[in-house]
Amino acid sequence: MTTCSAPGKVYLFGEHAVVYGEPAVPCAIERRARVAVEPRADGRVRVDAADLSLDGFTVTWGGDIDDRPDVDVPAPLLSAAMEYIEAAVDQARDAADAPEAGFDITVESAIPLGAGLGSSAAVVVAGIDAATRALGTELDPEAVARRAYEAEYEVQDGQASRADTFCSAMGGAVRVEGDDTRTIDAPPLPFVVGYDGGAGDTGALVAGVRALREEHDFAADTVETVGDLTREGERLLADADPDREPSGELLADLGELMDFNHGLLEALGVSSRSLDAMVWAAREAGAHGAKLTGAGGGGCTVALDPSDETEHALGYSAECEQSFRAELATEGVRVEEP
Ligand SMILES: Nc1ncnc2c1ncn2[C@@H]1O[C@H](COP(=O)(O)OP(=O)(O)O)[C@@H](O)[C@H]1O
Ligand SMILES: C[C@@](O)(CCOP(=O)(O)O)CC(=O)O
Ligand SMILES: [Mg+2]
């Protein structure tokens, strides 16, 4: 049995705009997906993914499509849910030059699904690393990131950036601009996440921004402005001491940019009533800044607050189902004891 884990992430700045070549700064957080893999001789793939919202199920596939569901859920829903794992399996088979390899796979994740914390990237990154290792091939984290991007790109019909997968594979804070991916230094930022219990459809939200951008020059300008504020945020991080708690001034400056970023995402149509409500609850509680994170539509917000006020205020807010502090995860994908 080979087990790997990979972290989820929050976007400090730049989601959506990153799809069009603007820079983004995602930060890995200490919430992980764990994928355990055991090769099987018969070439089949059996997946046990109890966190999926289809009420916990086990699926086997590999040969005839009719073999697939051993659960009572509609086939399109099932294949939509399994697409990321399927793409990770394909990448691992390709990397290990073992096109017929079969696996028993167990996925356990502490990252809410479809909520903007990069559950898909974490599952794909951990899945590729575990499955290739199970076949005796070791990829470095950069190679895992590249393959995980290919997998997400395929599942999301070409609408994916390298940001989520690179961040999950490498850990820490990263900056991604087109094909240029690097890790950057960042101080331990006091992230507080609010989760409305819902989810957004990443593909549909990205397609919506694309359509707006093609229709209106001002929407294209909005996307570019997200890039501008991200570059300003990067300069703030570059000037900060990564080994010290961030100063109040730095948090205030970063927070101002996060607030601006949320406003532009709202203008691009990817926020929601509950995300806006959580952003305001955080600001009113004294957070330095707050924004939605990830694709939007529902799911999570991220705020900066070194005190407990934001976490408590979100906890009492009707729109928020769960609030928690998220530590920066310095480690990306890693092997775990089974
Ligand atoms: N624990 C899990 N087990 C199996 N698949 C998962 C798990 N978590 C996420 N996924 C896959 O990732 C998809 C959600 O990804 P996405 O819509 O990009 O949202 P996000 O990456 O923001 O969480 C799920 O529909 C599922 O296919
Ligand atoms: C909207 C986008 O910028 C981020 C999506 O993040 P998530 O899957 O919602 O965690 C898309 C992408 O970069 O692939
Ligand atoms: Mg995703």
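You'll find the structure just up there.
In short, a report on the structure.

Thresholds, definitions, all that
- Residues numbered from 1 in each chain as written.
- Chains lettered and ligands numbered in written order.
- Predicted model: local features only at pLDDT ≥ 70, side-chain atom pairs only at ≥ 80, totals over all residues.
- Heavy atoms only, no water.
- Phe/Tyr/Trp six-rings, centres within 6.5 Å; stacked < 30°, edge-to-face > 60°.
- Helix = DSSP H or I, 4+ residues; strand = E, 2+ residues; numbered from the N terminus.
- Buried < 20%, exposed > 50% of the residue type's maximum accessible area, 1.4 Å probe, protein only.
- Lys NZ or Arg CZ within 6 Å of the ring centre and 35° of its normal.
- Expected span 1.5 Å × (residues − 1).
- Near = heavy atom within 4 Å.
- Polar contact = N/O pair within 3.5 Å; in protein donor to acceptor, adjacent residues only side chain to side chain.
- Areas by Shrake-Rupley, 256 points an atom, 1.4 Å probe, with all protein chains shown as cover.
- Salt bridge = Lys/Arg side-chain N within 4 Å of Asp/Glu carboxyl O.
- Pairing = 2+ DSSP bridges.

So, about the packing of aromatic side chains. Tallied over the full model, the rule gives 1 aromatic pair. With 5.5 Å between their ring centres and 55° between their planes, Tyr149 and Tyr153 make a pair best called tilted. You can see Tyr149 and its partner Tyr153 sitting in helix H3 (residues 141-155), 4 residues apart, about one turn around the helix. In this structure Tyr149 comes out as buried when scored by relative accessible area, which is 12%. Lying across the ring of Phe324, Arg31 places its NZ or CZ 3.8 Å from the centre.

Before going further, it helps to spend a moment on helix H8 (residues 273-284). With 12 residues, H8 ought to run about 16 Å at 1.5 Å a step, and its terminal C-alpha atoms sit 16 Å apart, in line with that. Buried within H8 are the following residues: Ser274, Leu275, Met278, Val279, Ala281, Ala282 and Arg283. Looking one or two places after H8, you find Gly286, whose phi comes out positive at around 105°.

Time to look at the site of ligand 2. Close to ligand 2 lie 16 residues, the nearest being Lys9, His16, Gly118, Ser161 and Ala295. Take His16: an N or O atom from its main chain is 2.9 Å from an oxygen atom of ligand 2. When ligand 2 sits alone it has 380 Å² of accessible area, and the protein chains cover 96% of it. Looking at the shell around ligand 2, the elements with two or more residues in it are strand E1 (2-13) and helix H5 (202-215).

What follows deals with the pattern of salt bridges. Summed over all chains, the structure comprises 22 salt bridges. A salt bridge links Arg182 to Asp180, with the shortest nitrogen-to-oxygen separation between them at 3.0 Å. With its nearest N and O atoms 3.3 Å apart, the salt bridge here joins Arg231 to Asp228. Of the two residues, Arg231 and Asp228 are both situated in helix H6 (residues 217-239); the distance of 3 residues between them amounts to about one turn of the helix. Counted as one network, the salt bridges with shared partners bring together Glu22, Arg175, Glu177, Asp180, Arg182, Asp228, Arg231 and Glu234.

On any regular strand, side chains alternate: one points to one face of the sheet, the next to the other face. Alternating positions in strand E9 (residues 289-292) separate into two faces, Gly289 and Lys291 on one and Ala290 and Leu292 on the other, with burial throughout. Pairing between E9 and strand E10 (residues 300-304): 4 bridges, direction antiparallel. By the bridge assignment, Lys291 is partnered in E10 with Val302.

Remember, this is a structural readout, not a statement about activity or role.
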